[in-house]
Amino acid sequence: MNNKKKIIKETVKKHIPQRHLSSIRIMYRIAMETIYGIKRTGLINIAIVAAMAAILTIFGALFRTSFSLTSFVDKLGDALEISVYLKPNADPVYMSSRLKELEHVKKISIVTKEQAWEEMNKDMDTRGLENPLPDTLHVTVDDPANIAAVCENIKKVSGIEDMSYAHEIAKKMQTITNVFNTVTVFVLIAVAMLTIIIINCTIQLVIQSRKEEIEIMRLMGVSNWYIKIPLILQGAIYGFLGAIVSLLPLNTVQNGLTKLHTFFSIAQSEMAMNTVVLCLFIMAIFFSASGSLLSIKKHLQV
């Protein structure tokens, strides 16, 4: 049986160029050094992954919620119409075509005074009264933040008697969105800093525990990158594992937001969660590897 394995091994070697064999050996040794470094860290690995998972969960939850908030703002923004009341001699169709030319105007619907009067008759007795209502244009803008600018442009158009819109609601919606986006950016910065600090301290411990071994490798003429890469990979693995663990609480957040969207009948982005997960893994691996590299430069002169 052993002879058969030996023959197979020799046969495989013959079909692999020597330079490829050397590369495979180096990759194998780097992988083993990485695993050895993780084993050497011991139970601290659990604390590292848990800490990274916690900070990644906070960012992921905020990032995912920002997608839902954007959907809600867009939906409510469509409901925030500017009601434009026309003068008695103004033609609603002509005025509608003029207002459509204004910047940031998304849609215009016409409600004639006859239609408005008919709707009013359904709710109250108006027999014997003349129709005092004006022709009205309901203007929807492309973004709630542009309502004020569109109102200023509408004022310049002749034939407009008056107009109104939910100014306070639009203002509060925009404020909430801005605050949430700002908080998300600050949390992203905090995630980057905390991840780099955690990995920096971890790799420093590994370097200190392997100080003599690293010195021997340097005296033997081992490449600097052969020493660096296992440490960088170790940091990247911590980031990867932290991101995986953070998916569990993020799934709960996703389910909660889905129920909220269903309750309010507001569609959510199909790619929202996928985008959050992708960004989470990229960030976790990148920041963790960066923390390892910074620690190597600081504590290991290679």
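Residues numbered from 1 in each chain as written. Predicted model: local features only at pLDDT ≥ 70, side-chain atom pairs only at ≥ 80, totals over all residues. Heavy atoms only, no water.

### A short note on the overall build of the protein
Right, on to step 1. The number of helices and strands found in the protein is 10 helices and four strands.
Right, on to step 2. Each helix and strand of the protein, placed in order from N terminus to C terminus, yields the pattern α-α-α-β-α-β-α-β-α-β-α-α-α-α.
Right, on to step 3. Counting every position in the protein, which comprises 302 residues, the buried fraction comes to 35%.
Right, on to step 4. Excluding contacts between residues fewer than 6 apart, the proportion of contacts in the protein whose partners are at least 24 apart in sequence is 84%. (Helix = DSSP H or I, 4+ residues; strand = E, 2+ residues; numbered from the N terminus. Buried < 20%, exposed > 50% of the residue type's maximum accessible area, 1.4 Å probe, protein only. Contact = heavy atoms within 4.5 Å.)

### Brief notes about a negative patch on the surface
Right, on to step 1. Taken together, the side chains of Asp74, Glu103, Asp142 and Asp143 present a region of like negative charge at the surface.
Right, on to step 2. As for its position among the elements, Asp143 is in the loop between strand S3 (136-141) and helix H6 (147-155). (Patch = residues over 30% accessible without salt bridge, like charges linked within 9 Å, V, L, I, M, F, W, Y side chains within 5 Å. Areas by Shrake-Rupley, 256 points an atom, 1.4 Å probe, with all protein chains shown as cover. Salt bridge = Lys/Arg side-chain N within 4 Å of Asp/Glu carboxyl O. Lys, Arg positive; Asp, Glu negative; His and termini not counted. Charge placed at Lys NZ, Arg CZ, Asp CG, Glu CD.)

### Considering the environment of Asp142
Right, on to step 1. Positionally, Asp142 belongs in the loop between S3 and H6.
Right, on to step 2. Those residues in contact with Asp142 that sit more than four places away from it in its chain are His104 and Lys106.
Right, on to step 3. A distance of 2.9 Å separates the side chain of Asp142 from the side chain of Asn146, its partner in a polar contact. (Polar contact = N/O pair within 3.5 Å; in protein donor to acceptor, adjacent residues only side chain to side chain.)

### Remarks on the nonpolar core
Side chains of nonpolar character tend, in soluble globular proteins, to be buried together.
Right, on to step 1. Core analysis: the largest hydrophobic core is formed by 22 residues, its most contacted members being Ile82, Val84, Leu99, Val139 and Ile154.
Right, on to step 2. Elements with a minimum of two residues in this core: strand S1 (81-86), helix H4 (92-100), strand S2 (105-111), S3, H6 and strand S4 (160-164).
Right, on to step 3. Look past the residues within four positions of Ile154 in its chain and what remains in contact with it is Ile82, Val84, Leu99, Leu102, Val139, Ile160 and Met163.
Right, on to step 4. By size, the runner-up hydrophobic cluster in this structure holds 17 residues, among which are Phe59, Val191, Val276 and Met283. (Core = buried A, V, L, I, M, F, W, Y, C linked by side-chain atoms within 4.5 Å.)

### Some details on the sheet that holds S4
Right, on to step 1. Here we have four strands laid out as an open sheet, ordered S2-S3-S1-S4, and antiparallel in their pairing. Edge positions in the sheet fall to S2 and S4, since each has one partner strand and no second. Adjacent strand axes in the sheet meet at a mean angle of 25 degrees when their direction is disregarded.
Right, on to step 2. Taken together, the five bridges between S1 and S3 define a ladder with antiparallel strand orientation. Residue pairing across strands places Ile82 opposite Val139, the latter belonging to S3.
Right, on to step 3. In the packing of H4 onto the sheet, the strands contacted are S1, S2, S3 and S4, and the crossing angle to S2 comes to about 170 degrees. (Pairing = 2+ DSSP bridges. Axes fitted to C-alpha atoms, helices over the stretch in contact; angles between N-to-C directions.)

### Details of the packing of aromatic side chains
Right, on to step 1. Applying the stated criterion across every chain, the model contains four aromatic pairs.
Right, on to step 2. Look at Phe63 and Phe67: their rings are 5.2 Å apart centre to centre, the planes differ by 50 degrees, and that puts the pair in the tilted class. Note that Phe63 and Phe67 are positioned in helix H3 (residues 44-79) at a spacing of four residues, about one turn of the helix.
Right, on to step 3. Aromatic side chains Phe240 and Phe281 sit 5.4 Å apart centroid to centroid with 55 degrees between the ring planes, which places their arrangement in the tilted category. Placement of the pair is Phe240 in helix H9 (residues 224-264) and Phe281 in helix H10 (residues 272-299), with a sequence separation of 41 residues.
Right, on to step 4. On the basis of relative accessibility, which here comes to 17%, the residue Phe281 falls in the buried class.
Right, on to step 5. An aromatic cluster of three or more residues is present, and its members are Phe59, Phe63 and Phe67. (Phe/Tyr/Trp six-rings, centres within 6.5 Å; stacked < 30°, edge-to-face > 60°.)

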